[in-house]
Amino acid sequence: MSTLLTVISVNDGKIKRSSLEVLSRCNELAADNGLKSAALVIDANASDIAEKLKEYGPDTIYTIENPIFKNHLNTPVLKALSTALDHIQPQLVAFPSTESSKDVLGALAANKEAAALSDMSEFELTENGVKGKRPVMASKIISAVEATGSPVIISVRSGSYDAVEKSSDASIEAIDFNFNDDELRITLKEIISSSSDRVDLSEAEAVVAAGRGVKDEEGRNMISELASILNAGIGASRALTEAGDYDPSLQIGQTGKVVSPQLYIGVAISGAIQHVAGMANSKVIVAINKDPDAPIFDIADYGLVGDLYKILPPFIEELKKIKQN
Amino acid sequence: MKFYVCIKQVPDVYAPLQIKDGQLIQDADRNVLNAYDASAVEEALVLTEQHGGEVEVVLAGPEKAKETLRKALAMGAHKGTHIVTNGDEEFDSSAYAKILAKFFSDKEYDFISCGKQSQDTDAGLAGSMMAELLDLPYATNAVDLKFSDGTLTVKRQGDAGQEIIDVPSPGLVTCSNDMNDPRIPSLKGIMQSKRKPVDTISLDDLGADISSDEVKTKVLGFEEKPEREAGKKYEGEPDEIAREVAQLLDTEENVI
Ligand SMILES: Cc1cc2nc3c(=O)[nH]c(=O)nc-3n(C[C@H](O)[C@H](O)[C@H](O)COP(=O)(O)OP(=O)(O)OC[C@H]3O[C@@H](n4cnc5c(N)ncnc54)[C@H](O)[C@@H]3O)c2cc1C
Ligand SMILES: Nc1ncnc2c1ncn2[C@@H]1O[C@H](COP(=O)(O)O)[C@@H](O)[C@H]1O
């Protein structure tokens, strides 16, 4: 029986929600089409992760465990993926879109002479491949796309599907894998992570995003306070990541991350298409901007026109009251 | 140090667009140098200014894409190669990666630099595909590059933070536009670009004729994205509107 394979993304020992979204979609497609849904975990602690995955219903969980996967490095990850694909022979390989999967998607496709489609927002199976949708032109429009062959390799935007729990008695199978340091070719020297203790943006239920108008420490403190009341992830526009006021990993948009929270609050963000590309799928959008004609108001459910320095204090105070009750 | 930078001409996302019967209608004359590739050109120029060497830009695209090659030369790239396509082949990232890999197969260089993605399609595939086809070590999504002793030190934006990675020569890197602000060509640069050497080669010459069934991904059509309606705008006394919206987020939306 042919297999739909979801490659699980793990961050700091935790399964990324976006992987479970993709897995849930593959479970559904497998059930509809009489196929097998399998998950692949490539991690330093793959067997622990595999246990947790049982709650999300794959038929089989493949693991490749090796200390080399403690940090992302494309050479060993590619070798592991290639080994796994040879072993499993899936007809579809689906990744959640992450910086790590983007790093290897093209190389894996070239290695397997397979068709690749990145950053899909919808996908389904066809007779001889996959079809679906992906946003293009800075997410101004959607393009319908198709890929043929076996396997087809895709990545899926976070928030495109719901992660659905489904208990299973999946079998766990470890795949043999060896890696020598002399195969590395590239050397990871250091990881600078300044946001490790914060809420993961792409998974956050609420996001507070700061834009150019947040111009001083007072403004940034209010952003932090608002985020902490809402247990929100902090994001930023390119204007502020470029200025060095916010960590580059917090950028939301075409270059940055895609977020799809229940609540997005944009503070002094104009709403450039490249920013909107990363947040338009938020459920409720609140915009605070002093320019009544700012484009962000075209997509905001609640548009607060005014100076952030005057609006945020009472807004924060009122939210605190609500939280206390 | 020899840098090759792969640059692509893409439609300007700011040009008005329209969808008719699933087809995208846009002004065919409004094209730009892919923003991510402009950052790759800029960084290669900075590094060769510091360490000596040469930057050559390579573009695969139709005749009219030559203007984009000229733009990169006007920024300061030393020479260019234009691999001419018909423009109606519907090539995907994989097809371009194969064409470019074929071009590089008999070239000598320290590094090939690409954009991290095309600004119009956001595919982000051709760079690492080329690395695999050419068997080069690579790093993607670079936000900073440094060069010393034949090694490129890449700061890449990863999931867990910024990863500092050494890529030996010959290697490949894909660049984010978070890397720099690409220079605007000066008048002098524009004048000089007209005298800079540009090689023009056909897919035939290159032996890289890609047949249509080798192209395994296809665009079937375009559609509007679901319209998001503007909600309500609150103007007036900051204190009042702030509290009102805070309450509504709780009572109406249940998101607090
Ligand atoms: C290829 C490409 C990719 C890009 N990718 C991204 C991306 O991933 N993410 C991203 O964000 N951008 C991206 N950009 C940049 C994008 O085009 C915009 O330049 C950027 O989003 C602008 O940020 P901003 O809204 O904070 O700043 P601005 O556009 O300058 O807007 C600031 C807003 O703040 C308001 N304001 C100022 N002061 C106050 C105040 N006191 N109170 C209330 N409101 C105030 C102003 O009215 C204004 O609307 C990309 C661009 C390109 C070309
Ligand atoms: N036709 C092309 N000519 C030159 N470079 C290209 C071409 N297509 C893609 N590239 C390079 O590959 C990168 C990624 O492309 P893509 O896979 O389309 O997102 C681009 O930023 C360019 O650097």
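Our subject is the structure listed above.
Because the structure is predicted, anything quoted here is derived from the model rather than measured.

## Comments concerning the overall build of chain B
Across its full length, chain B carries 7 helices and 15 strands. For chain B, the spread of C-alpha atoms along the three principal axes comes to 65 × 45 × 40 Å. Looking at chain B as a whole, 53% of its 256 residues qualify as buried. Of the contacts formed within chain B by residues at least 6 apart in sequence, a portion of 70% connects residues at least 24 apart. Carbon and sulfur atoms make up 46% of the accessible area of chain B, which amounts to about 11,400 Å² in all. Within chain B, the 48 negative side-chain charges are centred at a point lying 6 Å from the centre of the 28 positive side-chain charges.

## Considerations on the site of ligand 2
All names here are of chain B. As a matter of local geometry, ligand 2 sits amid 19 residues, with Cys6, Asp37, Ala60, Ser118 and Gly124 nearest to it. Asn34 is positioned such that a nitrogen or oxygen atom in its side chain is 3.2 Å from an oxygen atom of ligand 2. Compared with its free state, where it exposes 480 Å², ligand 2 has 99% of that area covered by protein. Elements with a contribution of two residues or more to the shell around ligand 2: strand E6 (54-61), helix H3 (93-104) and strand E8 (111-115). Of the residues contributing to the shell around ligand 2, the split by class is 11 nonpolar, 6 polar and 2 charged.

## Overview of the packing of aromatic side chains
Remark: the centre distance and the inter-plane angle together describe each pair of aromatic rings, the angle taken between the planes. All names here are of chain B. All told, the structure shown has 12 aromatic pairs over all chains when counted by the stated rule. Summarising the aromatic geometry, the rings of Tyr4 and Phe103 are spaced 5.8 Å apart at their centres and angled 90 degrees between planes, so their arrangement reads as edge-to-face. Of this pair, Tyr4 sits in strand E1 (residues 2-6) while Phe103 sits in helix H3; the two residues are 99 residues apart in sequence, bridging distant segments of the chain. By relative accessible area, Phe103 is classed as buried at 3%. An angle of 85 degrees between the planes, with centres 6.3 Å apart, marks the rings of Phe111 and Phe147 as edge-to-face. Taken together, the residues span a long stretch of sequence, with Phe111 in strand E8 and Phe147 in strand E9 (residues 138-148) at a distance of 36 residues. Through successive ring pairs, a cluster of aromatic residues spans Tyr4, Phe103, Phe104 and Tyr109. Over the face of the ring belonging to Tyr4 we find Lys2, whose NZ or CZ atom lies 4.7 Å from the ring centre. Cation over ring: Lys107 sits above Phe103, and NZ or CZ is 4.2 Å from the ring centre.

## Focus on the side chain of Thr63 of chain A
Residue and element names in this part refer to chain A. Inspection of the secondary structure assignment puts Thr63 in strand E5 (residues 60-65). Here Thr63 falls in the buried class, since its relative accessible area comes to 5%. Residue contacts for Thr63: discarding those within four places in its chain leaves Val41, Ala46, Ser47, Ala50, Ile172, Glu173, Ala174 and Ile175.

## Some thoughts on the site of ligand 1
Inspection of the region around ligand 1 gives 29 residues, with Arg212, Ser237, Ile252, Ser270 and Asn289 of chain A positioned closest. More than one chain approaches ligand 1, the contributing ones being chains A and B. Gly256 of chain A places a polar main-chain atom, nitrogen or oxygen, 3.0 Å from an oxygen atom of ligand 1. Considered on its own, ligand 1 offers 980 Å² of accessible surface; in the complex 82% of this is hidden by protein. At the level of elements, helix H6 (238-242), helix H7 (273-276) and helix H8 (308-324) of chain A together with helix H1 (35-51) of chain B are the ones that each hand at least two residues to the shell around ligand 1. Tallied by class, the residues present in the shell around ligand 1 amount to 9 nonpolar, 15 polar and 5 charged.

## Considering the interface of chain A and chain B
Each partner contributes residues to the interface: chain A has 86 residues there, and chain B has 82 residues. Both faces combined, the contact of chain A with chain B buries some 7,300 Å², and carbon together with sulfur accounts for 53% of it. It is Met137, Arg185 and Tyr302 of chain A that lose the most area in chain A upon contact with chain B, and together they represent 10% of the buried surface on that side. For the interface between chain A and chain B, the tally reads 7 salt bridges. Notably, a salt bridge pairs Asp135 of chain B with Arg185 of chain A, separated by 3.3 Å at the nearest N-O pair. Inspection of the region where chain A meets chain B yields 53 residue pairs in polar contact (both at pLDDT 80 or more). The element best represented in the side of chain A that touches chain B is helix H4 (residues 99-111) of chain A, accounting for 11 residues.

## Examining the pattern of salt bridges
Opposite charge on two side chains permits them to pair, given that their charged atoms come into close proximity. Tallied over the full model, the rule gives 30 salt bridges over all chains. Taking the shortest distance from any N to any O, the salt bridge between Arg243 of chain B and Glu318 of chain A comes out at 2.9 Å. Highlighted residues: Arg243 of chain B in helix H7 (residues 238-251) and Glu318 of chain A in helix H8, drawn from two different chains. Each of the two residues, Arg243 of chain B as well as Glu318 of chain A, counts as buried. As a salt-bridge pair, Lys66 of chain B and Glu63 of chain B come within 3.6 Å of each other at their nearest N and O atoms. A residue is classified by how much of its surface remains accessible, and Glu63 of chain B, at 48% relative accessible area, is partly exposed. It is possible to trace a salt-bridge network through shared partners that takes in Glu317, Glu318 and Lys321 of chain A together with Asp239 and Arg243 of chain B.

## Looking at a nonpolar patch on the surface
Residues and elements named next belong to chain B. Where nonpolar side chains cluster on the molecular surface, the patch consists of Leu187, Ile190 and Met191 and spans about 310 Å² of accessible area. Checked against the element boundaries, Ile190 lands in helix H5 (residues 187-193). The partly exposed category is assigned to Ile190, whose relative accessible area is 33%.

## Let's talk about the pairing of strand E18 (residues 302-305) of chain A
Burial of E18 of chain A is two-sided: the residues Tyr302 and Leu304 of chain A facing one way and the residues Gly303 and Val305 of chain A facing the other way are all buried. Judged from the 4 bridges that link them, strand E17 (residues 284-289) of chain A and E18 of chain A form a sheet pairing that is parallel. Its bridge partner lying in E18 of chain A, Ala287 of chain A is registered against Gly303 of chain A. Pairing geometry for E18 of chain A and strand E15 (residues 232-234) of chain B, over 3 bridges, is parallel. Within E15 of chain B, the residue paired with Gly303 of chain A across the bridge is Lys233 of chain B.

What counts and what doesn't
- Residues numbered from 1 in each chain as written.
- Chains lettered and ligands numbered in written order.
- Predicted model: local features only at pLDDT ≥ 70, side-chain atom pairs only at ≥ 80, totals over all residues.
- Heavy atoms only, no water.
- Helix = DSSP H or I, 4+ residues; strand = E, 2+ residues; numbered from the N terminus.
- Buried < 20%, exposed > 50% of the residue type's maximum accessible area, 1.4 Å probe, protein only.
- Contact = heavy atoms within 4.5 Å.
- Areas by Shrake-Rupley, 256 points an atom, 1.4 Å probe, with all protein chains shown as cover.
- Lys, Arg positive; Asp, Glu negative; His and termini not counted.
- Charge placed at Lys NZ, Arg CZ, Asp CG, Glu CD.
- Near = heavy atom within 4 Å.
- Polar contact = N/O pair within 3.5 Å; in protein donor to acceptor, adjacent residues only side chain to side chain.
- Nonpolar A, V, L, I, M, F, W, Y, C, P; charged D, E, K, R; others polar.
- Phe/Tyr/Trp six-rings, centres within 6.5 Å; stacked < 30°, edge-to-face > 60°.
- Lys NZ or Arg CZ within 6 Å of the ring centre and 35° of its normal.
- Buried area = accessible area lost by both parts, 1.4 Å probe.
- Salt bridge = Lys/Arg side-chain N within 4 Å of Asp/Glu carboxyl O.
- Patch = residues over 30% accessible without salt bridge, like charges linked within 9 Å, V, L, I, M, F, W, Y side chains within 5 Å.
- Pairing = 2+ DSSP bridges.

The values are spatial; any link to function lies outside them.
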